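# Per-entry structural report
The primary structure of each chain is shown beneath.
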Amino acid sequence: MNTHSSFNKDLLIALAGLAILVAIPFFSPGRVALDFVIRLAAFGLFATSLNILVGYGGMVSFGHAMFFGGGAYAFGLLMQKGGASIPVAILGAILFCALLGFVIGAICVRLKEIYFSFLTLAFQMLIHSIIITWTSLTGGDQGLMGGIPRVWGSLNLADVHTLYWFSCVLGVVCLFLMRTILQSPFGYTLRMVRDNADRAQFLGINVWRVRLYAFILASCFAGIGGVIMALFVSGAYPEFSYWTMSGEAVFMIMMGGLHTFIGPVVGAGLLMVFNDIITRTTEYHGLALGIIVLFFALGLKRGMTDFVVQIYQSLSRKGARS
Amino acid sequence: MDPTALFECLSSISCIVTQTSTGLIVGALLFLVAAGLTLIFGVLGVINFSHGSFYMLGAYIALSAYRLTDSYLLAALIAGLGVGLFSLVFERFFMRRVYNADVLLQLLVCYAFILILDDAVKIIWGHEFQSMGMPAAFQTPPLFIGGGIVPVFYVFMMSAAGVIGAIMWYVLTRTRIGKIVRAAAHNPTMTSVLGLNTTWIYAGVFVFGGALAGLAGALAAPVRSMSAGMGFSILIESFIVTVIGGMGSVSGALVGALLIGLVRSFGSIGFPLFVEGIMFIAMALILVLKPSGLLGKEQR
């Protein structure tokens, strides 16, 4: 009963969110808002998928960008060289990420947390250097040039408005799927494994398998984020799978808050705003971003949505007392 | 992929000598960086993700110190001390605050420092590639061993790493300081109950590990070109070294470093594109077959 009503509630929230997003172009018809939301869909999915691992699974991956980049490249190559249609290429990209996640996850998920972080980072550097060196397939450090044919039947995703609708729907549907998975028995098993893996094992849960499933799921959704990004820039670049991208994703979920489902999306939006401001004001992007990261990690120690939840809770407690 | 080139090389002594010496200096650098990384992990239980940036900082400090003092040995010393001092600041004011926090926060603090140091290097030393050139003291004709060419500086690098390794081994296993450090690694609560200040033991280990990375940077300065971000690839490689050797084991770091160094130098002849892949496959095999590493203790 309870899960059923929360499913309905999530569905309502998702539809409301979609309605708001659909309304945005009518109030702000310029390209700025549209571009921002399209990129937010990509990075929001990327960050939320990472939070499946970090927030719900207790596995701090520092290499999640390999799936973001992997999805983008798989999609781009299937479209460009394979001549696949858009839905086939998206499915192909998801399959590719699932396979990659399976292979890398099978090696990584059995490890202790800090080992896990470093190992995922190391594998990401392997993927990155494969992209750089396999020039004949990936275009090397130039990236996947020549554009992706973004047309499927009457769906022309080269048009920014169409791409906007497409990204919004894809983003909201994926967020809703992730939410549903995390609220399912599997999601609660994952939380239990995070909180006490030994006890979960005693109860007969195969800890390794639960973690691996979560890893594969997170890889797939990160890959969809990469697909949206590839559609947006009409190409794919090695930076998509560079370690700084993973670092940014970790920062996104920390800044947004890992204890709220929507936190990572908030964090993604905030970081995008920060990045835009930094790039406009200084050429030393890393220095400025590093100081912001230190401020959040050492000063605030919690994400923005955690603050909101705290304030809300303390207010409702006061209300209950009076 | 060119396996015949590798066989040709393996059948000539001069080629073997040249490649082995290249492999050994790569191994020496990796050993110094990985030893600091593994020591910090063994005692403090944290991984310093910005360790590669310390190496980079060491190389750049050595460059400036060499230009100022014109003495390479002095420059290397200054680099070691300078990075050690920087590690002290890093540990006392930043890293210490997240020892007991989530891995996520440790990761973010290191991530922030990698970004900041990369940009700081660009601001201080410029965007272009820098190179120190061979110091005057080492501009002597190379040695010829069995027809292979070995620069004198290579011999110096190897002996420097060897001496540092020997000193580390002696201090850690044969002295009172070593005992205290091992005790702090094994059971920090008990160690502090016995009246030893674990806070300063931690700081000391961190500073020592940082100084090793700085020294490695100084040793690399004459033979490598420098750029912001140069620390990142060595960070990944020294991590692979510590996984192969066993996390927390200094002797394991030595074995792993020499292994990776030789694989790199011989692999670059036979299969240049797959060298990295081979390192990763080796690491994955170790992780699956013996997760504690070749010389590491079983994880508790």
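Above: the structure in question.
Model, not experiment: these values are computed from the prediction.

### Regarding the overall build of chain A
Summing up its helical and strand segments, chain A has 14 helices and two strands in all. Projected onto the principal axes, the alpha-carbon positions of chain A cover approximately 65 × 50 × 45 Å. Across the 322 residues of chain A, 46% fall into the buried class. Long-range contacts, defined here as pairs at least 24 residues apart, represent 77% of the contacts in chain A between residues at least 6 apart.

### Some points on the interface of chain B and chain A
Facing 27 residues of chain B, the contacting portion of chain A comprises 26 residues. Among the secondary structure elements, those contributing two or more residues to the side of chain B that touches chain A are α5 (103-125), α10 (230-245) and α12 (275-289) of chain B. Among the elements that take part in the side of chain B that touches chain A, α5 of chain B stands out by supplying 15 residues, more than any other. Among the residues forming the side of chain B that touches chain A, the class breakdown is 23 nonpolar, no polar and four charged.

### Details of unusual backbone geometry
All names here are of chain A. One non-glycine residue, S234, lies in the positive phi region at around 55 degrees. Here S234 lies in the loop between α10 (207-233) and α11 (243-256). Judged by the 18 C-beta atoms lying within 10 Å of it, S234 is partly exposed.

### As for the environment of L111 of chain A
Residue and element names in this part refer to chain A. Mapped onto the elements of the fold, L111 is located in the loop between α4 (86-108) and α5 (113-133). The exposure class assigned to L111 is partly exposed, which follows from the 19 C-beta atoms found within 10 Å. Expressed as a C-alpha distance, the spacing of L111 and M59, which sit 52 residues apart in the sequence, is 9.5 Å. Excluding residues that lie within four positions of it along the chain, L111 makes contacts with F116 and L119.

Conventions adopted
- Residues numbered from 1 in each chain as written.
- Chains lettered and ligands numbered in written order.
- Predicted model: local features only at pLDDT ≥ 70, side-chain atom pairs only at ≥ 80, totals over all residues.
- Helix = DSSP H or I, 4+ residues; strand = E, 2+ residues; numbered from the N terminus.
- Buried ≥ 20, exposed ≤ 12 C-beta atoms within 10 Å, placed from the backbone.
- Contact = placed C-beta atoms within 7 Å.
- Nonpolar A, V, L, I, M, F, W, Y, C, P; charged D, E, K, R; others polar.

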